[in-house]
Amino acid sequence: MKVRIAVVCGGTSREREVSLRSGKNVYDALIKVGYEAAMVVYNGDPTRLLKELESFDLAFILLHGTFGEDGGIQFLLESFDIPYTCSDPYTSAVCFDKLITYRLVKNLVSIPEYVHLESMDQLDRVKIPEFPVVVKPRREGSSIGVKICRTPADLRDHVELVLDTYGSAIIQKYIKGQEITVSILEIDGVPTVLPILELRPRREFYDYIAKYTPGMTEFVLPAKIPDDATRMVKETALRIYKYLGCRDMARVDGIYSDGTFYFLEVNTIPGMTELSDLPASAKAMGMSFEDVVNCVVRSALRRKEVRRWKSSMELP
């Protein structure tokens, strides 16, 4: 009997369209590999979602942003004992929150100087890093709400916008260097670091438009950094992946500058569109898109079998 997999995509976040693109690509790959699959588009009704997932063996989660990467859907599926791909609810919630992530990994990697604000009143009381600075939401994905600010007036305007929209903001020192991303994929149970991808956007930085518009970013694989730096960055990314408890696949983003790797964030549900980073890094290692999808599925199913075995053991 074929394994039945539900590709859960869509959602109600600002990344809905990206999620739908990721979902369609993964659905097509699952069919090619030989799984029985269906796309389950989430529109904000958790009760209906649970009903739709009843007949499946596994949920392949591709909800980006809120309720997808923040632990929401993972908590829901855990509560109803529905197997799913990628990180558990606790790791997902931590990694979606940049402030908590920074506090947890500060002894593992360099982090650009930053301050956290929850009100405009704080802006005049905290020590702002030297301009230019990057203003970003504490919890958001796909570089939505991120802006490089070069003047106090620009900073004040964008902080106010982010606070009004999200309730909290991070102001971080801008690091000029090579934008790189490190993808990690579990292959036969082993977290494997894929070739480092260097991103050369044709915009000010790797923003939402640069991420999802064809021709707006040049991919350099492997990244043009020294061999010793490559080893260091890979080892650091893998330590972060393991320390935070990531599973199946994830992506660690950062900046390489003057011999230092500056950590920016972890993505626990990397994009799987035709322009996404993780599939590109896997391709540079000789893996097809279908190979990547199959690795994720096999890793999740292996976890499902271990869980079933544990639950079947008799307690003394």
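Because the structure is a prediction, the values reported are computed rather than measured.

Caption draft 1: Spatial organisation of the pattern of salt bridges. Inspection of every chain in the model, using the stated rule, returns 17 salt bridges. A salt bridge links E118 to R138; the shortest N-O distance between them is 4.0 Å. In this pair, E118 sits in the loop between strand 4 (114–117) and strand 5 (133–137) while R138 sits in the loop between strand 5 and strand 6 (147–149), placing the two residues 20 residues apart along the sequence. Overall, R138 belongs to the buried group, its relative accessible area being 11%. In this structure, the salt-bridge partner of R156 is D124, at a minimum N-O distance of 2.7 Å. In this pair, R156 sits in helix 6 (residues 152–166) while D124 sits in the loop between strand 4 and strand 5, placing the two residues 32 residues apart along the sequence. When salt bridges with common partners are traced through the structure, they connect D97, E118, R138 and R139 into a single cluster.

Caption draft 2: Looking closely at the nonpolar core. Counting residues in hydrophobic clusters, the biggest one holds 43 residues, and the most contacted among them are L30, F60, L77 and V297. Listing elements by their share of this core, those giving two or more residues are strand 1 (4–10), helix 1 (16–33), strand 2 (36–42), helix 2 (46–53), strand 3 (58–61), helix 3 (72–79), helix 9 (277–284) and helix 10 (289–312). Broken down by element, this core gets its largest block of residues, seven residues, from helix 10. Setting aside chain neighbours within four positions, we find L77 in contact with L50, L53, A59, I61, I82 and Y84.

Caption draft 3: Local environment of the environment of P279. Structurally, the position occupied by P279 is in helix 9. With a relative accessible area of 13%, P279 lands in the buried category. A sequence separation of 230 residues divides P279 from L49, and the C-alpha atoms of the two residues are 27 Å apart. If we skip the residues at most four places from it in the chain, P279 touches G271, M272, T273 and F289.

Caption draft 4: Structural context of the packing of aromatic side chains. A full pass over the atoms with the stated rule returns five aromatic pairs. Plain terms: the ring middles of F75 and Y90 are 5.2 Å apart, the flat faces sit at 85° to each other, and that makes the pair edge-to-face. Taken as a pair, F75 in helix 3 and Y90 in helix 4 (residues 89–96) lie far apart in primary sequence, 15 residues in all. A residue is classified by how much of its surface remains accessible, and F75, at 38% relative accessible area, is partly exposed. Take Y90: its relative accessible area is 57%, and that puts it in the exposed class. Counting every residue linked through ring pairs, the aromatic cluster contains Y102, Y114 and F263. The residue whose ring lies beneath R4 is F56, and the NZ or CZ to ring-centre distance is 4.4 Å. The ring of Y174 has R150 sitting right over it, with the charged end atom 6.0 Å from the ring centre.

Calculation criteria
Residues numbered from 1 in each chain as written. Predicted model: local features only at pLDDT ≥ 70, side-chain atom pairs only at ≥ 80, totals over all residues. Heavy atoms only, no water. Salt bridge = Lys/Arg side-chain N within 4 Å of Asp/Glu carboxyl O. Helix = DSSP H or I, 4+ residues; strand = E, 2+ residues; numbered from the N terminus. Buried < 20%, exposed > 50% of the residue type's maximum accessible area, 1.4 Å probe, protein only. Core = buried A, V, L, I, M, F, W, Y, C linked by side-chain atoms within 4.5 Å. Contact = heavy atoms within 4.5 Å. Phe/Tyr/Trp six-rings, centres within 6.5 Å; stacked < 30°, edge-to-face > 60°. Lys NZ or Arg CZ within 6 Å of the ring centre and 35° of its normal.

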